Amino acid sequence: MYLTSEKKREIFEKYGKSNTDTGSPEAQIALFSYRIAHLTEHLKSNHKDYSTERALRMLVGKRRRLLDYLVKIDIERYRAIIKELGIRK
């Protein structure tokens, strides 16, 4: 299993307000980014796995919607999470 509960706790502790803060947009965006990176690596070697490709597109859409929400709420938090995760080039 690629995403253990310890790894989730580590992500939430780093990007959220605490290790139990699973609902903040920053923590969710970080978790989605981790999952997107994993699925991208999987699709590099399994390019005909269309169900995983669909799941990846859905995750990217969820992350995009959360980022749009964060822009509306607080632009500084948006800029901080984008810079920290290295999403935008």
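Since we're looking at a predicted model, the values are computed, not measured.

A few points about the pattern of salt bridges
A side chain of one charge can pair with a side chain of the opposite charge when the charged atoms of the two come close. Scanning the model with the defined rule gives 6 salt bridges in all. Close ionic contact of Arg57 with Glu53 constitutes a salt bridge, the shortest N to O distance being 2.8 Å. You can see Arg57 and its partner Glu53 sitting in helix α3 (residues 50-73), 4 residues apart, about one turn around the helix. Between Arg64 and Asp68 there is a salt bridge, with its nearest N and O atoms 2.9 Å apart. Taken together, the residues Arg64 and Asp68, both in helix α3 and 4 residues apart, mark about one turn of the helix.

Some remarks on the side chain of Ser24
Relative to the assigned elements, Ser24 resides in the loop between α1 (5-15) and α2 (25-45). We classify Ser24 as buried; its relative accessible area is 5%. Setting aside chain neighbours within four positions, we find Ser24 in contact with Gly16 and Lys17.

Focus: the packing of aromatic side chains
Two aromatic rings are characterised by how far apart their centres lie and by the angle between their planes. Using the criterion set out here, one finds 1 aromatic pair in the structure. Note on Tyr2 and Tyr34: the rings are 6.2 Å apart at their centroids and 15 degrees apart in plane angle, and the pair reads as stacked. One end of the pair, Tyr2, is in the segment before α1; the other, Tyr34, is in helix α2, with 32 residues separating them in the sequence.

Notes on the confidence of the model for the chain
In low-pLDDT segments, the atomic positions of the prediction should not be examined closely. Put simply, the chain has an average pLDDT of 94, and 99% of its residues get 70 or more. Looking over the chain, one finds the lowest element-wise mean pLDDT in α1, namely 92, and the highest in α3, namely 97.

Description of the side chain of Thr52
Tracing the backbone through its elements, the reader meets Thr52 in helix α3. Thr52 sits in the buried class, given a relative accessible area of 13%.

With respect to the nonpolar core
Counting residues in hydrophobic clusters, the biggest one holds 21 residues, and the most contacted among them are Ile29, Leu67, Ile81 and Ile82. Considering every element that reaches this core, the biggest residue donor is α2, with 8 residues. Look past the residues within four positions of Leu67 in its chain and what remains in contact with it is Ile29, Tyr78, Ile81, Ile82, Ile87 and Arg88.

What counts, and where the lines are drawn
- Residues numbered from 1 in each chain as written.
- Predicted model: local features only at pLDDT ≥ 70, side-chain atom pairs only at ≥ 80, totals over all residues.
- Heavy atoms only, no water.
- Salt bridge = Lys/Arg side-chain N within 4 Å of Asp/Glu carboxyl O.
- Helix = DSSP H or I, 4+ residues; strand = E, 2+ residues; numbered from the N terminus.
- Buried < 20%, exposed > 50% of the residue type's maximum accessible area, 1.4 Å probe, protein only.
- Contact = heavy atoms within 4.5 Å.
- Phe/Tyr/Trp six-rings, centres within 6.5 Å; stacked < 30°, edge-to-face > 60°.
- pLDDT = per-residue confidence, 0-100.
- Core = buried A, V, L, I, M, F, W, Y, C linked by side-chain atoms within 4.5 Å.

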